[in-house]
Each structure stands twice: as structure tokens, then as C-alpha cells.
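What follows is the residue order along each chain.
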Amino acid sequence: MGLFRSMQVFVTTVQEGSMSAASAKLGISPAMVGQHVAALEERLGTRLLNRTTRRQSLTDFGKTYVEQCRDILERVAIVDQDAEASRTKPRGLLRITAPTTFGAEVLMPALQRYRELAPEVMLDITLTDRNVDIVEEGFDIAIRIGDLPDSRLIVRHLAPYRMVICASPGYLARHGHPGHPSALSGHETIGFTPAARSPWRLSKGKEEVEVVPRMSITVNSGQAVRMAARAGLGVVMQPAILLASDMQAGLLVQLFPDWHLRERPMSLIYHRDRRMTPRVRSIISFVVAEFGAESEDQADRPAE
């Protein structure tokens, strides 16, 4: 008979006061209860219970042994509970990588809400605009802006990165408010490298305009581009999600709100073959709920 099961039967017999009561509690026959106790006694080479037709009592060794059995059973129960929790409760280290500007300005504030949902998850976050190989570098998930060529990964589409063109009230007071996108060619602009020299394409109905901006400043930090615009150094094209608070505060003015700029796709990616631990499932659900495209409820599919 299994030693662990026999210990359970023995402890229940002592707790219930008789083998017949233990059999009712455990759903086994009284004879089977007796066999479990007898198996323990044979294994130990000593009696555990003094048994008569009317009552049972623990031997001196039985008193010590039942406490040891209770301790062992309790420890096993705790381990089982921990194992169950590890299968259902998010915990452990979670490694995330995201673009620098999006990560600093948008993701980091949102993670306070995630921490409330998963307080036992430790977050290791790397913000970089480098195209990180999450498989080789050991990340659980990544948020990407742009195309996703890696077919080893699973992609969940998020709300696209909507762009806006802005300038500070001070800059517009000095240089005038451009009435049409084509007028931007005569304005100072601030560019985010490495895409600083790319044309700005705007559309309104059937009309399309392509402007090659005259960059007076290029910088490799989205936050620096934002601060330069606020300081009146020029016109910028940046993500709306980055400039929203400045526009609401009147620090920046949106130009051409009726015109559409090309949106950049934003996606959540993770390993195709990664085992779905609770912490990975929890962050995927959170990111999709927080930043997902409102009109779509997409299932996981390979990156294309």
C-alpha cells in the first residue's frame, strides 16, 4: 500500500476516533482502514493503536508518529497549494521590451494597473528602438511598431500608432500658421532619427500631399523631439499618444487636423512555442485590453 495514503488513513482514524468512523469519512471499507494501519505497523515494526472491540487508543510511539504524519501531510498540502497557485496565479519574472518613446510615455504609466492585477510578477523592462530578437535575448513579449517579418513569432495587432503634426504657439506666432500641408516645406522641422529624412504624406479625401521636411534639428529621442517642439524650435510629426497631454494643455497646437497621416502598425509579439505560463497569459491579456484595436478581436496568428 502507498505510504502516503496509509498515513492519511491513520491520521483520519485517530481524528475520527474509530476505524468505522474513518471508513465513513474516507469512503472506504473498515477492513481497508484496518489494512492501511496494519501496513504502517508492519513497516515500522511496532504497534500504533491499542485496539479492543469497544475502543482504540494510541500507543506511546503512536502518539509521536501521528504528529509526525500530520506534519508531513500538512507540508505536502502546502506544496500542492503552491503548485496549484503557480499554475493559475501570475508570479515570477516577466521580461518585456518596447520602443523607447512608447515605453516611457505610455507603457510605464499603464503598468501600475497591471501591477494591481499581478502583484507577484517582477517586471524586467528594456526600452529600445533596436529590433530585438526576443527568442535569442530571452524576452517573454515585445511591443513593436512597424512591420513584423519574423515568422517564428505570434502577433496580436494593437491600435495603430496615429501620427499628428504640431508646433508650439510661440513658433506659430513667429513663423505663421501654415494653411496647407504644402507650406510645410518653408518651415523649420524637427526630425526623429533614423526616419528624419522620410517624406511626410498627408491625405484629405482624394487630395494627397507629400512634403519633404526641411530638418533644422534631428535627434534620436522622441522625448527630445517633443521638448524641442515645446521650446518653439520647429514643427514636429510625432505619435498622437505622445503629444496628447501637451495639446490638451495648450503647449502644442495640432496642424491640419482634417488631414490624415499614414498610421504605423503596432503589435504585441511573443514566442510561437513558449509555454503559456500564467504571467505570460496575464501580460498578453493586459496589453491587448489596454492598447488593442477597438474594432478587432483577433486570435493569435503567426507574424507575417
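This report concerns the structure included in the present document. Since the model is a prediction, treat every value here as computed from it, not as a measurement.

### Thoughts on the sheet that holds strand β14 (residues 260-261)
Paired through their backbone hydrogen bonds, the strands of a sheet run either parallel or antiparallel. Judged by pairing direction, the sheet is antiparallel, and its three strands sit side by side in the order β10-β9-β14 without closing on themselves. Because the sheet does not close on itself, it has two edges, and the strands there are β10 (207-211) and β14. By the bridge criterion, five bridges tie strand β9 (residues 200-204) to β10 in an arrangement that is antiparallel. In the strand pairing of β10, R201 is matched with E210.

### Quick look at the environment of L261
Along the chain, the position of L261 falls in strand β14. Between the alpha carbons of L261 and W200 there is a distance of 7.8 Å; along the sequence they are 61 residues apart. Residues within four places of L261 in sequence aside, it is in contact with M163, I165, R201, L202 and M237.

### What about the sheet that holds strand β7 (residues 163-167)?
Taken together, the five strands give an open sheet; going across it, the order is β11-β8-β12-β7-β13, and neighbouring strands pair in mixed fashion. Every interior strand has two partners, whereas the edge strands, β11 (214-219) and β13 (253-255), have only one. Sheet twist, expressed as the mean angle between neighbouring strand axes with direction ignored, is 40°. Of the pairings in the sheet, the one linking β7 to strand β12 (residues 235-239) comprises four bridges and is antiparallel in character. Looking at the pairing, M163 lines up with P239 of β12. Contacts from helix α8 (residues 222-230) reach β8 (188-192), β11 and β12, with the element oriented near 165° to β8. Along the sheet, helix α9 (residues 240-248) makes contact with β7, β12 and β13, crossing β12 at roughly 120°.

### Description of the packing of α8 against α9
Pairs of packed helices are described in terms of their axes, by the angle between the two and the distance that separates them. At a minimum axis separation of 11 Å, α8 and α9 run at an interaxial angle of 25°. It follows from the interaxial angle that α8 and α9 lie roughly parallel. Where α8 crosses over α9, the two elements pack in a sense that is right-handed. Residues G222, Q223, R226 and R230 of α8 lie in contact with α9, whose contacting residues are L242, L243, S245 and D246. Split by residue class, the contact of α8 with α9 holds two nonpolar, three polar and three charged.

### Some thoughts on the nonpolar core
Counting residues in hydrophobic clusters, the biggest one holds 42 residues, and the most contacted among them are F102, I143, I165, I283, V287 and F291. Discounting chain neighbours no more than four positions away, the residues touching I165 are L184, W200, L202, V235, V236, M237, V253, Q254, L255, F256 and L261.

### Section: α9
Taken together, the buried positions of α9 are occupied by A240, L242, L243 and D246. For α9, the arc enclosing every buried residue in end-on projection is 140°, short of the 170-degree limit, so these residues lie on one face. Against the buried residues of α9 lie α5 (100-117), β7, α8 and β12.

### Observations regarding the packing of aromatic side chains
Taken as a whole and assessed by the stated rule, the structure comprises five aromatic pairs. With a centroid separation of 5.9 Å and an interplanar angle of 20°, the aromatic rings of F61 and Y65 are classed as stacked. Note that F61 and Y65 are positioned in helix α4 (residues 60-88) at a spacing of four residues, about one turn of the helix. With centroids separated by 6.2 Å and ring planes inclined at 65°, the aromatic side chains of F102 and Y161 adopt a geometry described as edge-to-face. In this pair, F102 sits in helix α5 while Y161 sits in the loop between β6 (153-157) and β7, placing the two residues 59 residues apart along the sequence. The residues F102 and Y161 share a single accessibility class, namely buried. Members of the aromatic cluster, joined through ring pairs, are F10, F61 and Y65. When the ring centre of F139 is taken as origin, the NZ or CZ atom of R95, which lies over that ring, is 4.1 Å away.

### With respect to the pattern of salt bridges
Counted according to the given criterion, the structure contains 13 salt bridges. Two residues, R91 and E120, come together in a salt bridge whose shortest N-O distance is 3.2 Å. Residue R91 is found in the loop between α4 and β3 (92-98), and its partner E120 is found in the loop between α5 and β4 (121-127); the two are separated by 29 residues along the sequence. The partly exposed category is assigned to R91, whose relative accessible area is 29%.

### Some points on helix α10 (residues 278-291)
Compared with the 20 Å implied by 1.5 Å per residue over 14 residues, the 20 Å span of α10 between its first and last C-alpha is a close match. Of the residues making up α10, those classed as buried are P278, V280, S282, I283, I284, F286, V287 and F291.

### Some details on the pairing of β9
Here β9 folds back onto β10, and the loop between the two strands holds two residues, one of which, G205, carries a positive phi near 65°. Bridge count for β9 against β14 is two bridges, and the pairing is antiparallel. Within β14, the residue paired with L202 across the bridge is L261.

Conventions used here
- Within each chain, residues carry numbers counting from 1 in the order of the written sequence.
- Selection of residues for local features in this predicted model requires a pLDDT of at least 70, selection of side-chain atom pairs for listing and counting requires 80 or more, and totals for whole chains, interfaces and linings are taken over all residues.
- The side-chain figures draw on all heavy atoms in the structure; neither hydrogens nor water molecules are used.
- At least two bridges found by DSSP between two strands is the condition for calling them paired.
- A run of H or I in DSSP becomes a helix once it reaches four residues, and a run of E becomes a strand once it reaches two; helices and strands are each numbered from the N terminus.
- In this analysis, two residues are considered to be in contact whenever any of their non-hydrogen atoms come within 4.5 Å of each other.
- To define axes, lines are fitted to C-alpha atoms, for helices over the stretch in contact only, and angles between the resulting N-to-C directions are given on a 0 to 180 degree scale.
- Orientation is classified from the angle alone, with under 35 degrees giving roughly parallel, over 145 giving roughly antiparallel, 65 to 115 giving roughly perpendicular, and any other angle giving oblique.
- Should the near helix be turned counterclockwise from the far one by less than a right angle, the crossing is left-handed, whereas a clockwise turn marks it as right-handed.
- Under the grouping applied here, Gly and all other residues not named as nonpolar or charged are polar, the nonpolar ones being Ala, Val, Leu, Ile, Met, Phe, Trp, Tyr, Cys and Pro and the charged ones Asp, Glu, Lys and Arg.
- Put simply, buried Ala, Val, Leu, Ile, Met, Phe, Trp, Tyr and Cys residues joined by side-chain atoms within 4.5 Å make one nonpolar core.
- Buried residues are those whose accessible area, probed at 1.4 Å on protein chains only, stays under 20% of the maximum for their type, while exposed residues exceed 50% and partly exposed ones sit between those limits.
- This arc is taken over the directions from the axis of the helix to the C-beta atoms.
- In this analysis, rings of Phe, Tyr and Trp, with Trp reduced to its six-membered ring, are considered paired at centre separations within 6.5 Å, and the interplanar angle assigns stacked below 30 degrees, edge-to-face beyond 60, and tilted for intermediate values.
- By definition, being over a ring means that NZ of Lys or CZ of Arg is both within 6 Å of the ring centre and within 35 degrees of the ring normal.
- Salt bridges are counted wherever a side-chain nitrogen of Lys or Arg sits within 4 Å of a carboxyl oxygen of Asp or Glu.
- For a helix, the expected span equals 1.5 Å multiplied by the residue count minus one.

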